[in-house]
Amino acid sequence: MTDQRSQAEIVRQSLKRRYRKERRFRAYGILAIGIALSALVILFTDIIGKGYTGFMKTSITLEVNLDGEMMYLDDPTDSRQLKMADFVEPLVQALIQEIPGATEEDRDEVRGLINPYASVTLRDALKQNPDWLNTTRTMTFLSHTDVDVYVKHAGDEGYSIKLDEQQKAWVDELLERGVIETGFNDVFFSGGDSRDPSKAGILGAIVGSLLTMFVTLVLSFPIGVAAAIYLEEFAPQNKFTDFIEVNINNLAAVPSIIFGLLGLAVFINLFGMPRSVPVVGGLVLTLMTLPTIIISSRAAIKSVPPSIREAAEGIGASKMQVVLHHVLPLAMPGMLTGSIIGMAQALGETAPLLLIGMVAFIVDVPDGFFDSATVLPVQVFLWAGSPELAFIERASAAIMVLLAFLISMNALAIWMRKRLERRW
């Protein structure tokens, strides 16, 4: 009886130790998930906290007297006169009229409230509407970047307010009267890059990213799927194919900047292709994405049960018919999912594109695959390194747009997998 009780005690102690280990294992897992979620919350809180003001702009609405004598302009249809005319003076006079107590002696301080590009806006408006000459019009202009920073971040120690006390009083007065107001920043989504943060937009970077991703998709998907089909269904099993498979797996782990160096050496230095164009960017990202697509496509082909192939061969189908009519349609959901994840990875890449010149300052929105362009991650990189504090919120806002693209692509991959997958 004593031996039986001791053995039962040993078993109970052993079970207690095992249960303690299981509880510790669960606790470690919960702790890891908690740390990951905390890091994610901190990241999103920081980005959204800094970037939501990037979706807002500060504008000034003025009654502008388009006096031809004041602007030294008789004929708005004459391009030579438009080039020589003074479009700043009507803006300064309109502001002096709006600001109580402002005089001609304060014209330099008053001019510091309006965006330097407002004169260009006024010139373009008069060019399109020549009949506006010698009339008074209500027009809205972007405020100066310093005013924009003051309106959005007054009291924030992270921002340096460059307005003097008199200008701050004027801005407060104009804000109270509704002359200065904030609204949705359409310029951010409709313009290209600019040295002036108030005029900076991401449309050029979005178009550049879409063109680059189009080239990447058109090249990498068919090549990657064809390579996966050959290696999985037709290639003989020998040392050479083993060597290729090992190298494909290794290429998936190569740092992306290596592909940038390869693109610089081959496409630009050897073939003489231009820098900063979506075609070269797409070729480089194709090289980087191909291993991911090949590996995921091979996994999808392997998941098709052998009975499907055997049934097709049993009714007389050739090897090509088995692959194209039965294996490929069934493996396509997995292939598409892997391709979308690979494209999402390519969309967020910066390092390889820096080496092929897509870090250049590009103001215009690209019209084609051979126009100079940049992409969203590189645009974020450029703004994050700018000394202008107003670019901080633009960079954070651009990150939010980039994250929205990446989350959408991953959500599409999950939806396609759930929608098209078949259980065997």
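This text follows the structure it describes.
This is a predicted model, so every value here is computed, not measured.

Visitor: Any details on the pattern of salt bridges? Residues and values, ideally.
Guide: Throughout the structure, instances matching the rule amount to 16 salt bridges. The salt bridge partner of Arg394 is Asp148, with a shortest N-O separation of 3.6 Å. On the criterion of sequence distance, the pair formed by Arg394 in helix α18 (residues 390-420) and Asp148 in helix α7 (residues 145-153) is long-range, its members being 246 residues apart. Of the two residues examined, Arg394 and Asp148, each falls in the buried class. Note that Arg394 is salt-bridged to Glu393, the shortest N-O span being 2.4 Å. Taken individually, Arg394 and Glu393 each receive the classification buried, so the pair is uniform in this respect. Sharing partners across several salt bridges, the network here consists of Asp148, Lys152, Glu393 and Arg394.

Visitor: Give a description of the sheet that holds strand β3 (residues 180-184) that names residues and reports values.
Guide: Each strand in a sheet pairs with its neighbour through backbone hydrogen bonds, running either in the same direction (parallel) or in the opposite one (antiparallel). Within the open sheet, the three strands sit side by side as β2-β1-β3. Their pairing is antiparallel. Looking at which strands have only one partner, the edges of the open sheet turn out to be β2 (136-142) and β3. Across the sheet, the axes of successive neighbouring strands diverge by a mean angle of 35°, strand direction being ignored. Relative to the sheet, α7 contacts β1 (56-65) and β3, its axis offset from that of β1 by approximately 125°.

Visitor: Let's hear about the nonpolar core: which residues, and what values?
Guide: Phe188, Ile202 and Trp383 are the most contacted members of the largest nonpolar core, which has 37 residues in total. Breaking this core down by element, the ones donating at least two residues are α10 (203-234), α12 (256-270), α13 (278-302), α15 (319-347), α17 (376-384) and α18. Among the elements that make up this core, the one with the highest residue count is α18 (seven residues). Excluding residues that lie within four positions of it along the chain, Trp383 makes contacts with Phe188, Asp193, Ala200, Gly201, Ile202, Phe391, Arg394, Ala395 and Ala398. Among the nonpolar cores identified, the runner-up in size contains 35 residues, and Leu91, Val92, Leu95 and Ala118 belong to it.

What counts, and where the lines are drawn
Residues numbered from 1 in each chain as written. Predicted model: local features only at pLDDT ≥ 70, side-chain atom pairs only at ≥ 80, totals over all residues. Heavy atoms only, no water. Salt bridge = Lys/Arg side-chain N within 4 Å of Asp/Glu carboxyl O. Helix = DSSP H or I, 4+ residues; strand = E, 2+ residues; numbered from the N terminus. Buried < 20%, exposed > 50% of the residue type's maximum accessible area, 1.4 Å probe, protein only. Pairing = 2+ DSSP bridges. Axes fitted to C-alpha atoms, helices over the stretch in contact; angles between N-to-C directions. Contact = heavy atoms within 4.5 Å. Core = buried A, V, L, I, M, F, W, Y, C linked by side-chain atoms within 4.5 Å.

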